[in-house]
Structure formats: structure tokens, C-alpha cells
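If you want the building blocks of each chain, they are given just below.
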Amino acid sequence: MVERGHEVTLFASGDSVTSARLVAPVKESLRLGRKTHSTIIMHMLMLSKVYEEMSGEFDIVHSHLEYLTLPYASRSRMPTVLTMHGRLDVPDYVDILKRYSSMAWVSISDSQRAPVPDINWVSTVYHGYPENLFEFNPDPENYFLYLGRFSEEKRPDEAIRLARACKIHLKLAAKIDTADKAYFKAKVEPLLDSPYIEYIGEVDDRRKGELLRNARALLNPIDWPEPFGLVMIEALACGTPVIVRRCGSSPEVISDGVSGFVCDNRLDFIHAIHNIGAISRAACRREFEQRFTQRHMVDNYEALYRKVIAASSAAESLSPAP
């Protein structure tokens, strides 16, 4: 947005790197910082700064804090768009979204809307990356990759079982969140003792890019309503096909038979693994370039901002004078 000539204020931690004007309620990011903060309290303090202390400074507010934003945005004259990033099939989530149904909601996939279809969805905007952030590799090494979290909904245990059954080399690059330690210990760790499995652990961005571009395919046997799945477009940007279960956004992101395989059952996964050579890595990269670049995302959000601002101005002009 800054490159397009817009004046942008980013509310984020002080260690954020941005070309926008930065307003930082904390010096370091909450997850990796040395000081412990209450995540909810810090976000609420930040929102109060946006909507109370700095009210009227902005043409539009774009919030990624979901329901925490609602009490502030619903009472503000500044228009707000809210991008939802998580799963919505939770009863309490549905209730709060319906209570504020007239807000300008943005989904990151059409499938994400399914649990609450009747609120004011103003757009679906897919995520996008800079075109040159990930390096295309037409000649991968002979391994498959699982990249993500060691959580049950992501089914790394299924990825391991598939690798062992198909006798393929699988590299596992994933972090273990505190909430997932018991699952890892019980369901994943016992499967790691195999000549086909290489456990790597959590990796940084440089290593992630290296693993993605050199893999024959990303093995992604998710078993939950995936709202988007950034790792899938990261793989496509490298030219790496994606083998994924048909659930959530996966059929929207992956074109079956073109940028990977969308699987319904275990046999589909096995067939996809054995036939991954039929997928063109150049076609995977084209899919990324044609659908999931930063330019596409910015175009869509810029058009949405103009639409929401215009609608807000029109509504304000029609409202009776105090």
C-alpha cells in the first residue's frame, strides 16, 4: 500500500520492519519477546489507541484482530474492514459474528464462510507473497516435505504413515506448540524411528524456503476446515506441487491435477505420491504468479477499501443531522 502511494499507519510491535509509519504499543513481539505480556490486554490497549486516541485520523481501518475489534469499530465513524484468519466453526464465534453481522467482513477463502454465511461478507481476498520472495526450482531433490505445526488437525502422523507405506523420504519441519506437546509425544514421536523419516523441527524463513524449493512435493494431509493454508502457496511459489486432503480451502487453492493433487482418502494420497512426476513444476509456479502474488492481494484490498469508504460516506450523508 505504501508503494501505491497511500499513507499507511501500522500498529504492531516495535521490532516490526515496515515502510509504513509504525505505532508500537510494545517494543518486542509478544510470542518471541523477552518480556511477558497479556496478549488480550495489549491488543485491547492498541485498539483503544486506534479508535479513541487517534479517532478521525484515518480514512479506513483494516483490523486483523477479529472479534476484539468489534466493540470499538461498531461505535466508530471510521469505516473498518475485518479480515478473519481462523476457523469459524465454533459456536461462540458464530454467535459473536452474527451479533455484529453488519460489519464489513473479509474472508481468506470462500469455504471459510460456511459456518456463518449470512453476515456482511464484503469480499474474499486470498493471501499473496512478493513474486521474488521464494525461489523457483525446476529440479528438486528426492524427498517429500511436511511443513507446519505438529498439531492433530494438521495430521503429521498421517504424513509419516504415508511416507512409510510408500517408502519415500519425508522431512518433517514443524514446531511444537505447548498445546500440542501431548499429541506429539503420543502420536508422532513413536513413528519417527524409521529410515524413511527425517525429523528436523522448527526452522527459520531461510531454511523453510530451502526445504520447500528442493522438495518433490509438499505432503499436507490436513484434517480440519483450513481457512487458507499459506504453506500451500509458499510451495507453489517454489514450483513444488502440493498433495492435500480435500477439506476447507484446499480445493480453492490447489487445482487438482495441475498444481498438485486434492485427495479424498488414503488410496488417493498413495496414488498422488506415486504419480507426483505428472505435475509440472512450471505450472505450479504459474499458478502462484496468476493467483497468489502480493500484487493480486493489494489490488483486491485497494478496490475493497474504496468500496467500503464510498459506502460509509454515502450512509453518513443520508443520516439525519443531530
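Residues numbered from 1 in each chain as written. Predicted model: local features only at pLDDT ≥ 70, side-chain atom pairs only at ≥ 80, totals over all residues. Heavy atoms only, no water.

**Student:** Would you mind going over the environment of Ser13 with me for this structure?
**Tutor:** Looking at the secondary structure, you find Ser13 in the loop between strand S1 (9–11) and strand S2 (21–23). Judged by its relative accessible area of 13%, Ser13 is buried. Sequence-wise, Ser13 and Ala182 are 169 residues apart; in three dimensions their C-alpha atoms are separated by 31 Å. Not counting residues up to four positions away in its chain, the partners in contact with Ser13 are Leu22, Ala24, Val26, Lys27, Glu28 and Ser29. (Helix = DSSP H or I, 4+ residues; strand = E, 2+ residues; numbered from the N terminus. Buried < 20%, exposed > 50% of the residue type's maximum accessible area, 1.4 Å probe, protein only. Contact = heavy atoms within 4.5 Å.)

**Student:** Mind showing me how you'd approach the packing of aromatic side chains here?
**Tutor:** Pairs of aromatic rings are described using the distance from one ring centre to the other and the angle between the two planes. Scanning the entire structure with this criterion turns up 12 aromatic pairs. Both rings, one in Tyr126 and one in Phe228, keep their centres 6.0 Å apart while their planes meet at 40 degrees; by these two values the pair is tilted. Of this pair, Tyr126 sits in the loop between strand S6 (121–124) and strand S7 (144–149) while Phe228 sits in the loop between strand S10 (217–220) and helix H7 (230–238), and the two are 102 residues apart along the sequence. What makes Tyr126 partly exposed here is its relative accessible area of 21%. Looking at Phe228, the relative accessible area reads 2%, which means it is buried. Note on Phe150 and Phe184: the rings are 5.0 Å apart at their centroids and 55 degrees apart in plane angle, and the pair reads as tilted. Of the two residues, Phe150 sits in the loop between S7 and helix H4 (156–166) while Phe184 sits in helix H5 (residues 181–188), which places them 34 residues apart along the sequence. Here Phe184 falls in the buried class, since its relative accessible area comes to 8%. Put simply, the rings of Tyr146, Phe150, Phe184 and Tyr199 touch in pairs and so form one group of aromatic residues. (Phe/Tyr/Trp six-rings, centres within 6.5 Å; stacked < 30°, edge-to-face > 60°.)

**Student:** Would you mind going over the sheet that holds strand S8 (residues 170–175) with me for this structure?
**Tutor:** Hydrogen bonds along the backbone pair up the strands of a sheet, which may run parallel or antiparallel. Taking strand neighbours across the sheet as the criterion, the six strands line up as S9-S8-S7-S10-S11-S12 in an open arrangement whose pairing is parallel. This sheet does not close on itself; its edge strands, each paired only once, are strand S9 (197–199) and strand S12 (260–263). If you compare each strand with its neighbour and ignore which way they point, the axes differ by 20 degrees on average. With four bridges connecting them, strand S11 (residues 242–245) and S12 associate as parallel partners. If you follow Ile243 over to S12, its bridge partner there is Phe261. Contacts from helix H6 (residues 205–214) reach S7, S8 and S10 within the one sheet, and its direction differs from that of S7 by about 145 degrees. Packing of helix H9 (residues 266–274) onto the sheet brings it into contact with S7, S10, S11 and S12, and relative to S11 it is tilted by some 180 degrees. (Pairing = 2+ DSSP bridges. Axes fitted to C-alpha atoms, helices over the stretch in contact; angles between N-to-C directions.)

**Student:** How do you make sense of the nonpolar core when you look at a structure like this?
**Tutor:** What tends to happen in soluble globular proteins is that the nonpolar side chains get buried as a cluster. In this structure, Leu145, Leu170 and Ile243 are the most contacted members of the largest nonpolar core, which totals 58 residues. Setting aside residues up to four positions removed in sequence, Leu170 forms contacts with Phe144, Leu145, Tyr146, Ala159, Ile160, Ala163, Tyr196, Ile197, Glu198 and Leu219. Within the second largest apolar cluster, 25 residues are counted, among which are Phe11, Leu47, Leu70 and Leu82. (Core = buried A, V, L, I, M, F, W, Y, C linked by side-chain atoms within 4.5 Å.)

**Student:** Where do I start with the sheet that holds strand S5 (residues 104–107) in this structure?
**Tutor:** The strand order across the open sheet built from four strands is S3-S4-S5-S6, with neighbouring strands paired in parallel fashion. Lying at the two open borders of the sheet, with one neighbouring strand each, are strand S3 (61–63) and S6. Put simply, the sheet's adjacent strands are angled 25 degrees from each other on average, direction ignored. Here strand S4 (residues 80–83) pairs with S5 via three bridges, running parallel. Directly across from Leu82, in S5, lies its bridge partner Trp105.

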